[in-house]
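Observations on the model geometry
Listed here are the chains, written in short residue letters.
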2 protein chains.
Amino acid sequence: MSRLDLFINRMVSQRACLNHAAALTADMPGPVYELGLGNGRTYHHMVEIMPDRDIYVFERAIASHPDSTPPDDMVLLGDVYETLPAALKRFGPTARLIHADLGGHNLAKNDAFARQLSPVIEPLLASGGLMVASDRMYFETLSEIDLPPDAVPGRCFIYRAP
Amino acid sequence: MSRLDLFINRMVSQRACLNHAAALTADMPGPVYELGLGNGRTYHHMVEIMPDRDIYVFERAIASHPDSTPPDDMVLLGDVYETLPAALKRFGPTARLIHADLGGHNLAKNDAFARQLSPVIEPLLASGGLMVASDRMYFETLSEIDLPPDAVPGRCFIYRAP
């Protein structure tokens, strides 16, 4: 399997999991969080499938495609270890859906980041809220749920808050 | 259709067209050219599907993933308007397969680049050789051929030399 195959599997799975999670949480109130904007392709997709939702973007510096740049007041700029706890103070445990694609090239580094980030993300979700991640996360109370049929196991993960 | 959808379609089509073109030219001798290396994901795929072929990479500066970096003697470093004519002098019209993903964000700029680049690419192909491109190209003698069933029309193009 080539790196192109792996990449396609990751992108296809990300889309499938986001579509699935958006449908599962359609009746829940609360905001959506995108951790990391990058090029903005995934944010653009999230806006398309959840047009009526507040989607907050957590990012160090905005460098996205002009078509996929969130409004200023929907960006929480800075280090996630500061901006995520700040969001918890501001919004409480209300998030309906959180997405993160940590996806660097270095798998060991991604895994270390996932371990560090999990306890910071965990309190943000509302009861029944979902976390979609491109890497395995390390939550204490959230449980992993089944992927939709069009996602590739191991390329995407979905966790549900109790 | 979101930018994520478009991107997935482009990547899936690129893979489908490369697999198709590699199969169609399997019995032809001659080298393969990759125009632009980028991250190296597509090069990695080309090496996987054509392990016994000389694959030359044309790039300004190598910035690929360590797993997808070609050997030094397979890289033709510099401006394609110089390195492609140099390759024609060195190898003659022998290329079995040429791939280019010009794919920037700016469609008008991509199209202008495709128009400028087409006459420089055209003489490099052997008779029956194929060009796989992510943008419409402007060749005088090459003809567009049908895409494989798993490619999305408009997201990839295949041209054959007479």
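Reading guide: rules and limits
Residues numbered from 1 in each chain as written. Chains lettered and ligands numbered in written order. Predicted model: local features only at pLDDT ≥ 70, side-chain atom pairs only at ≥ 80, totals over all residues. Heavy atoms only, no water. Least-squares fit on C-alpha atoms with pLDDT ≥ 70 in both. Contact = heavy atoms within 4.5 Å. Axes fitted to C-alpha atoms, helices over the stretch in contact; angles between N-to-C directions. Helix = DSSP H or I, 4+ residues; strand = E, 2+ residues; numbered from the N terminus. Parallel < 35°, antiparallel > 145°, perpendicular 65-115°, else oblique. Left-handed = near helix turned anticlockwise from the far one by under 90°. Salt bridge = Lys/Arg side-chain N within 4 Å of Asp/Glu carboxyl O. Buried < 20%, exposed > 50% of the residue type's maximum accessible area, 1.4 Å probe, protein only.

The name given to chain A in an unreviewed UniProt entry is S-adenosyl-L-methionine methyltransferase, with Sulfitobacter aestuariivivens as the source organism.

**Considerations on the relation of the copies chain B and chain A**
If you rotate chain B by 180° and push it 0.0 Å along the axis, it lands on chain A with an RMSD of 0.0 Å. Both chain copies can therefore be described as sitting about a two-fold axis. Across chain B, the smallest distance between a C-alpha and the rotation axis is recorded for B:I8, namely 3.4 Å. Of all interface residues in chain B, 100% are interface residues in chain A too; the two copies therefore contact each other through one and the same surface.

**Regarding the packing of helix 1 (residues 3-24) of chain B against helix 2 (residues 41-49) of chain B**
All names here are of chain B. Helix 2 packs onto helix 1 with a crossing angle of 30° between their chain directions and a minimal axis gap of 11 Å. In terms of orientation, helix 1 and helix 2 fall into the roughly parallel class. Read as a crossing pair, helix 1 and helix 2 show a hand that is right-handed. Two secondary-structure elements touch here, helix 1 through Q14, R15, L18, N19 and A22 and helix 2 through T42, H45, M46 and I49.

**Section: the pattern of salt bridges**
All names here are of chain A. The final tally for this structure, using the stated rule, is 10 salt bridges over all chains. Of the charged contacts in the structure, one is a salt bridge between D111 and R115, with a shortest N-O distance of 3.2 Å. Here D111 and its partner R115 are both found in helix 4 (residues 107-121), four residues apart, which amounts to about one turn of the helix. Judged by relative accessible area, R115 falls into the partly exposed class, the value being 48%.

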